[in-house]
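Secondary and tertiary structure notes
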Amino acid sequence: MKVVNTIADLRAQVKEWKAEGLTVGLCPTMGYLHEGHASLMDASVAACDRTVASVFVNPIQFGPTEDLATYPRDFDHDCKLLEEHGVDLVFHPEDSEMYADDFCTFVDINTLSDTLCGASRPIHFRGVCTVITKLFNAVNPDKAFFGKKDAQQLAIIRRMTRDLNFDVEIVGCPIVREADGLAKSSRNTYLSPEERKAALILSRTIRLGQDIAGGCERSSAKLLAAMRANLATEPLADVEYVEVVDGLSMQPVEQYKDGDLVAMAVRIGTTRLIDNFTVGDPAIDVAL
Ligand code: PAF
């Protein structure tokens with residue numbers, strides 16, 4: 001496995017592969033990798049001849065009060081995992097390689113980024129769209145792989161790809177969970193043992209929501225009331241949002257249908273966790 005730090009080296013390697021007629025998959029990450037990320041690598045390795053993973057904590061997607069400075073990093077561990085999962089090339093740039101001092105061009109997306117996480121993280125998706133655009137331009141991948149845990153991010157990247165005519169297939173990969181149901185996240189590492197237990201309220205509430213949505217109930221208000229009541233049983237949980245939105249537009253719906261997204265963000269202590277399910281998605285199986 002090769003590690004490169006510059007866009008020029010990244011482009012040179014991809015150019016060689018493309019000249020040989022090989023297909024290239026891209027898995028963008030911010031590092032501190034876990035099995036959720038590994039599932040993206042596995043999907044790419046299975047679908048493409050060569051896989052590029054980026055490891056870059058993208059500063060422009062963090063707000064001024066967010067955890068950029070403390071975001072967990074362990075590049076040696078990341079490389080080990082990436083190598084084990086068959087990644088061919090790791091792109092690990094410095095901030096200055098991605099953003100010149102006078103960098104001032106951003107890719108922004110309207111409406112889809114106004115709701116859910118975007119409501120409390122106003123510059124977040126602009127930062128994500130900008131860095132993904134830069135990665136798409138540098139790698140020109142045939143396919144790019146993103147986790148469904150960040151469901152709004154996935155919807156936004158799909159829309160951006162369509163709107164800006166990127167010639168790449170966006171592949172969404174299922175949420176990977178711990179045995180007890182907690183969705184895997186680099187931020188789980190912030191949780192104390194007591195908070196780790198309390199964090200199970202997210203997956204339990206997702207399971208409750210799935211059970212309700214799997215029946216004949218179609219009222220978002222009723223579904224959300226039951227989910228909010230369940231979250232309220234956990235004293236350490238501070239709910240930022242629980243919403244039902246249209247799966248494409250990310251706008252709230254009064255009556256939900258298959259393909260709509262039920263998503264939540266909950267703070268356990270100071271750690272902000274997210275989880276979701278898609279109505280009617282047969283791929284969901286949240287452990288209790
Ligand atoms: O999901 C993430 O880890 C990041 O938002 C991404 C897609 C790598 C962009 O920095």
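The following refers to the structure shown. Not measured: the values here are computed from a predicted model. (Residues numbered from 1 in each chain as written. Predicted model: local features only at pLDDT ≥ 70, side-chain atom pairs only at ≥ 80, totals over all residues. Heavy atoms only, no water.)

Overview of the pairing of strand E3 (residues 50-55)
- Burial analysis of E3 places five of its six residues in the buried class, the great majority of the element.
- One ladder, built from six bridges, connects strand E2 (residues 24-29) with E3; its direction is parallel. Considered in E3, the bridge of Thr29 is made with Val55.
- In terms of handedness, the path from E2 via helix H2 (residues 35-47) over to E3 forms a crossover that is right-handed.
- Bridging between E3 and strand E4 (residues 89-91) involves three bridges; their strand directions are parallel. Among the inter-strand pairings, Ser54 is bridged to a residue of E4, identified as Phe91.
- Handedness of the crossover joining E3 and E4 through helix H3 (residues 75-84) is recorded here as right-handed. (Buried < 20%, exposed > 50% of the residue type's maximum accessible area, 1.4 Å probe, protein only. Helix = DSSP H or I, 4+ residues; strand = E, 2+ residues; numbered from the N terminus. Pairing = 2+ DSSP bridges. Right-handed = clockwise from strand over helix to strand, strands pointing away.)

Observations regarding the site of the ligand
- Within the structure, the ligand sits among Pro28, Thr29, Met30, Asn58, Gln61, Val128, Val131, Ile132, Asp150 and Gln153.
- Here Gln61 contributes a side-chain N or O atom positioned 2.6 Å from an oxygen atom of the ligand.
- Here an oxygen atom of the ligand sits 2.7 Å away from a polar atom, N or O, in the side chain of Gln153.
- In isolation the ligand has 290 Å² of accessible area, and contact with the protein removes 88% of it.
- Looking at the shell around the ligand, the elements with two or more residues in it are E2 and helix H6 (124-139).
- When the residues that make up the shell around the ligand are grouped by side-chain class, the tally is five nonpolar, four polar and one charged. (Near = heavy atom within 4 Å. Polar contact = N/O pair within 3.5 Å; in protein donor to acceptor, adjacent residues only side chain to side chain. Areas by Shrake-Rupley, 256 points an atom, 1.4 Å probe, with all protein chains shown as cover. Nonpolar A, V, L, I, M, F, W, Y, C, P; charged D, E, K, R; others polar.)

Details of the sheet that holds strand E5 (residues 143-147)
- Taken in spatial order, the six strands of this open sheet run E1-E4-E3-E2-E5-E6, and their pairing is parallel. Each edge of the open sheet is held by one strand with a lone partner, namely strand E1 (2-4) and strand E6 (169-173). On average, each strand axis in the sheet is tilted by 25° relative to the strand beside it, whichever way the strands run.
- Two elements, E2 and E5, share two bridges in a ladder whose sense is parallel. Directly across from Gly25, in E5, lies its bridge partner Lys143.
- Here H3 sits on the sheet and contacts E1, E3 and E4; the angle it forms with E3, its principal contact strand, is near 165°. (Axes fitted to C-alpha atoms, helices over the stretch in contact; angles between N-to-C directions. Contact = heavy atoms within 4.5 Å.)

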